[in-house]
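Each chain, letter by letter, is given below.
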Amino acid sequence: MKLNPDPEKFRNMYEKDSQRMINFKDFETESLRLLTCPVFLIGGDQDVVKTTHLAAMQQQIPHARLLILPANHGNYMMADFNGDVNDQLIDFTLGQIQHFLAPN
C-alpha cells in the first residue's frame, strides 16, 4: 500500500495473484528432468511452498541445489508481513545466491 495506495490497483493485483495460485498446475516431472541450466531452489521452512515439495523438485532436476531458510514467504529477501527486515538473513541469502552464480 505504501508503493501504490490506489485500492483499485491493489484489488486488481490481488485478483490476478489469487487466480494464478488457484489455477496453478504443478510442473510436470519430465519437464523438470529435462532442465539443463543451473537451478537453485530457495524457500523458507514456513513458506507457501512446502519444503517437502521443494525437496521433491530438487530430486527431479539434474544437479539442482536447494536452500531452506528459517523464514516465511520471501522474508529472506525482503520485509516480512509486519514490515520487519532481517538484514542478516537477507545478506546470508544474497551470499548464497552469489556463491551459486559464481563461475566454478
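Above this text is the structure in question.
Residues numbered from 1 in each chain as written. Predicted model: local features only at pLDDT ≥ 70, side-chain atom pairs only at ≥ 80, totals over all residues. Heavy atoms only, no water.

**Student:** Explain a nonpolar patch on the surface to me, please; I cannot follow it from the model alone.
**Tutor:** Together, Phe10, Met13 and Tyr14 make up a nonpolar patch on the protein surface, roughly 320 Å² of accessible area in all. Its place among the elements puts methionine 13 in helix H1 (residues 7-22). Judged by relative accessible area, methionine 13 falls into the partly exposed class, the value being 49%. (Patch = residues over 30% accessible without salt bridge, like charges linked within 9 Å, V, L, I, M, F, W, Y side chains within 5 Å. Areas by Shrake-Rupley, 256 points an atom, 1.4 Å probe, with all protein chains shown as cover. Salt bridge = Lys/Arg side-chain N within 4 Å of Asp/Glu carboxyl O. Helix = DSSP H or I, 4+ residues; strand = E, 2+ residues; numbered from the N terminus. Buried < 20%, exposed > 50% of the residue type's maximum accessible area, 1.4 Å probe, protein only.)

**Student:** Can you walk me through the environment of glycine 43 in this structure?
**Tutor:** Structurally, the position occupied by glycine 43 is in strand S1 (residues 40-46). Here the alpha-carbon distance between glycine 43 and leucine 67, two residues 24 residues apart in the chain, equals 6.5 Å. Contacts of glycine 43, omitting those with residues within four sequence positions, involve Leu54, Leu67, Ile68, Leu69 and Tyr76. (Contact = heavy atoms within 4.5 Å.)

**Student:** Honestly, the nonpolar core in this entry has me stumped. Any pointers?
**Tutor:** Generally speaking, nonpolar side chains in soluble globular proteins are found buried as a group. Ranked by size, the top nonpolar core spans 7 residues in total: Leu32, Val39, Leu41, Leu54, Met57, Ile61 and Ala64. Other than its neighbours up to four places away in sequence, methionine 57 contacts Phe27, Leu32 and Leu41. The next biggest cluster of nonpolar side chains, apart from the first, holds 5 residues, and it includes Leu67, Ala71, Tyr76 and Leu89. (Core = buried A, V, L, I, M, F, W, Y, C linked by side-chain atoms within 4.5 Å.)

**Student:** Which parts of the structure should I look at to understand the pairing of strand S2 (residues 65-72)?
**Tutor:** Regular strands have side chains that alternate between both faces of the sheet. Where S1 lies against S2, 6 bridges are found, and the strand directions are parallel. Within S2, the residue paired with phenylalanine 40 across the bridge is arginine 65. This β-α-β element, S1 to helix H3 (residues 51-60) to S2, shows right-handed connectivity. (Pairing = 2+ DSSP bridges. Right-handed = clockwise from strand over helix to strand, strands pointing away.)

**Student:** I keep staring at the side chain of threonine 93 and nothing clicks. Help me out?
**Tutor:** On the secondary structure map, threonine 93 appears in helix H4 (residues 87-101). On the accessibility criterion, threonine 93 (0% relative accessible area) is buried. In this structure the side chain of threonine 93 is engaged in a polar contact, spanning 2.9 Å, whose partner is the backbone oxygen of leucine 89. Ignoring anything within four residues of it in the chain, the contact list for threonine 93 reads Leu69, Tyr76 and Met77. (Polar contact = N/O pair within 3.5 Å; in protein donor to acceptor, adjacent residues only side chain to side chain.)

**Student:** Explain the pattern of salt bridges to me, please; I cannot follow it from the model alone.
**Tutor:** In a structure, side chains of opposite charge can pair up when their charged atoms sit close to one another. Counted under the stated rule, the structure contains 2 salt bridges. Of the charged contacts in the structure, one is a salt bridge between glutamate 15 and arginine 11, with a shortest N-O distance of 3.4 Å. Taken together, the positions of glutamate 15 and arginine 11, both in helix H1 and 4 residues apart, correspond to about one turn of that helix. Using a relative accessible area of 34% as the deciding quantity, one classes glutamate 15 as partly exposed. Between aspartate 17 and arginine 20 there is a salt bridge, and its shortest N-O distance comes to 2.4 Å.

**Student:** So what exactly am I meant to see when it comes to the layout of surface pockets here?
**Tutor:** One water molecule sets the probe size; rolling that probe over the atoms shows where empty space is left. Within this model, the largest pocket holds a volume of roughly 620 Å³. Every residue lining the largest pocket is counted, 18 residues in all, and those nearest its centre are Arg20, Met21, Val48, Val49 and His73. Counting only elements with at least two residues in the lining of the largest pocket, the list comes to H1, S1 and H3. Considered class by class, the residues forming the lining of the largest pocket number 10 nonpolar, 4 polar and 4 charged. Lining the second largest pocket are Pro38, Phe40, His63, Arg65, Leu66, Leu67, Gln96, His99, Phe100, Ala102, Pro103 and Asn104. For the lining of the second largest pocket, the secondary structure elements donating two or more residues are S2 and H4. When its residues are assigned to classes, the lining of the second largest pocket shows 7 nonpolar, 4 polar and 1 charged. (1 Å grid on protein atoms, 1.4 Å probe; cavity = no way out; pocket = protein on both sides within 12 Å on 5 of 7 lines; lining within 4 Å. Points joined across faces, edges and corners; volume = space filled by probe spheres on them. Nonpolar A, V, L, I, M, F, W, Y, C, P; charged D, E, K, R; others polar.)

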